[in-house]
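As a plain string of letters, each chain reads:
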Amino acid sequence: DTGVSQNPRHKITKRGQNVTFRCDPISEHNRLYWYRQTLGQGPEFLTYFQNEAQLEKSRLLSDRFSAERPKGSFSTLEIQRTEQGDSAMYLCASSRLAPGSNEQFFGPGTRLTVL
Amino acid sequence: KQEVTQIPAALSVPEGENLVLNCSFTDSAIYNLQWFRQDPGKGLTSLLLIQSSQREQTSGRLNASLDKSSGRSTLYIAASQPGDSATYLCAVVFNNAGNMLTFGGGTRLMVKP
């Protein structure tokens, strides 16, 4: 399977704990995006990488959230001191860098439940 | 504020009907527009991408149109089938918003056999 993969698919944690999610993009894609989706809503942009550089961060990304893409391949999203309001589906997407070829392809998501 | 709106939020049709899903956006300066399908509890599947210079794109029974001047896009589904039941999301890359997608709230479609 050459699509975007995310792990874990589900995560249940207690309030105050730290969690980390991983995203593996399509291999030739330079750009990687993180979005968050709550029930019944469309996804909201969190952050975006071009290769290993984090180029944009949403105001939604509080100080408790940090994302990395150390070698320009996979990415991790960490949430520290989780709160119940962090419960959501976290979606990763990737796209090519070439102009006119920026169609974004999404992974299956990681569903986070904070108790 | 740049926003994307989808109306209706939910739609139920009998099998075989042709249907149109609507998407509107507040700023005509867009880079592209993408339509997605999402099944319950799953990720998003890209259906069609329309660049700002294009007026429409077709894939099988799906046809998406783009009218930038009026800030509208439509997704036309021909001869709907129960397997088309899902949530359909419209998303826009605005020119001054980097490469982020701004999503509408989606239209939840149910096709009844």
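Reading guide: rules and limits
- Residues numbered from 1 in each chain as written.
- Chains lettered and ligands numbered in written order.
- Predicted model: local features only at pLDDT ≥ 70, side-chain atom pairs only at ≥ 80, totals over all residues.
- Heavy atoms only, no water.
- Helix = DSSP H or I, 4+ residues; strand = E, 2+ residues; numbered from the N terminus.
- Rg over C-alpha atoms; globule rule 2.2 N^0.38 Å.
- Disulfide = S-S within 2.5 Å.
- Buried < 20%, exposed > 50% of the residue type's maximum accessible area, 1.4 Å probe, protein only.
- Pairing = 2+ DSSP bridges.
- Axes fitted to C-alpha atoms, helices over the stretch in contact; angles between N-to-C directions.
- Contact = heavy atoms within 4.5 Å.
- Buried area = accessible area lost by both parts, 1.4 Å probe.
- Salt bridge = Lys/Arg side-chain N within 4 Å of Asp/Glu carboxyl O.
- Polar contact = N/O pair within 3.5 Å; in protein donor to acceptor, adjacent residues only side chain to side chain.
- Nonpolar A, V, L, I, M, F, W, Y, C, P; charged D, E, K, R; others polar.

Draft legend 1. Spatial organisation of the overall build of chain A. Each helix and strand in chain A was counted, giving zero helices and eleven strands. For chain A, the α and β elements follow one another from N to C terminus as β-β-β-β-β-β-β-β-β-β-β. At 14 Å, chain A has a C-alpha radius of gyration in line with the 13 Å of a compact globule built from 115 residues. In terms of overall dimensions, chain A has a C-alpha envelope of 40 × 25 × 25 Å along the principal axes.

Draft legend 2. Layout of the state of the cysteines. Under the definition given, this model contains two disulfides over all chains. A:Cys23 shares a disulfide with A:Cys92; S-S distance 1.8 Å. On the S-S bond that ties A:Cys23 to A:Cys92, the torsion sits near -70°, and the link is left-handed. Here A:Cys23 is found in strand E3 (residues 19-24), whereas its partner A:Cys92 is found in strand E9 (residues 88-95), with 69 residues between them in sequence. For the residue pair A:Cys23 and A:Cys92, the accessibility class agrees, reading buried in each case. Two residues, B:Cys23 and B:Cys90, share a disulfide whose sulfurs are 2.0 Å apart. Between B:Cys23 and B:Cys90 the sulfur-sulfur dihedral comes to about -60°; the bridge is accordingly left-handed. Placement of the pair is B:Cys23 in strand E3 (residues 19-25) and B:Cys90 in strand E9 (residues 86-94), with a sequence separation of 67 residues.

Draft legend 3. Main features of the sheet that holds strand E8 (residues 75-79) of chain A. Residue and element names in this part refer to chain A. Read from one edge to the other, the open sheet built from four strands follows the order E1-E3-E8-E7, with strand pairing classed as antiparallel. Here the strands that pair on one side only, and so sit at the sheet edges, are strand E1 (5-7) and strand E7 (65-68). Sheet twist, expressed as the mean angle between neighbouring strand axes with direction ignored, is 15°. Relative to E3, E1 runs antiparallel, the two being bridged by three bridges. In the strand pairing of E3, Asn 7 is matched with Arg 22.

Draft legend 4. Main features of the interface of chain B and chain A. With 21 residues of chain B at the contact, the number on the chain A side is 23 residues. For the pair chain B and chain A, the summed buried area comes to about 1,600 Å², and 49% of that belongs to carbon and sulfur atoms. The interface formed by chain B and chain A holds zero salt bridges in total. Across the contact surface, chain B and chain A share ten residue pairs in polar contact (both at pLDDT 80 or more). If you list the elements that add at least two residues to the side of chain B that touches chain A, you get strand E4 (30-38) and strand E5 (44-51) of chain B. In terms of residue count, the dominant contributor to the side of chain B that touches chain A is E4(B) (five residues). Its residues assigned to classes, the side of chain B that touches chain A comprises nine nonpolar, eleven polar and one charged.

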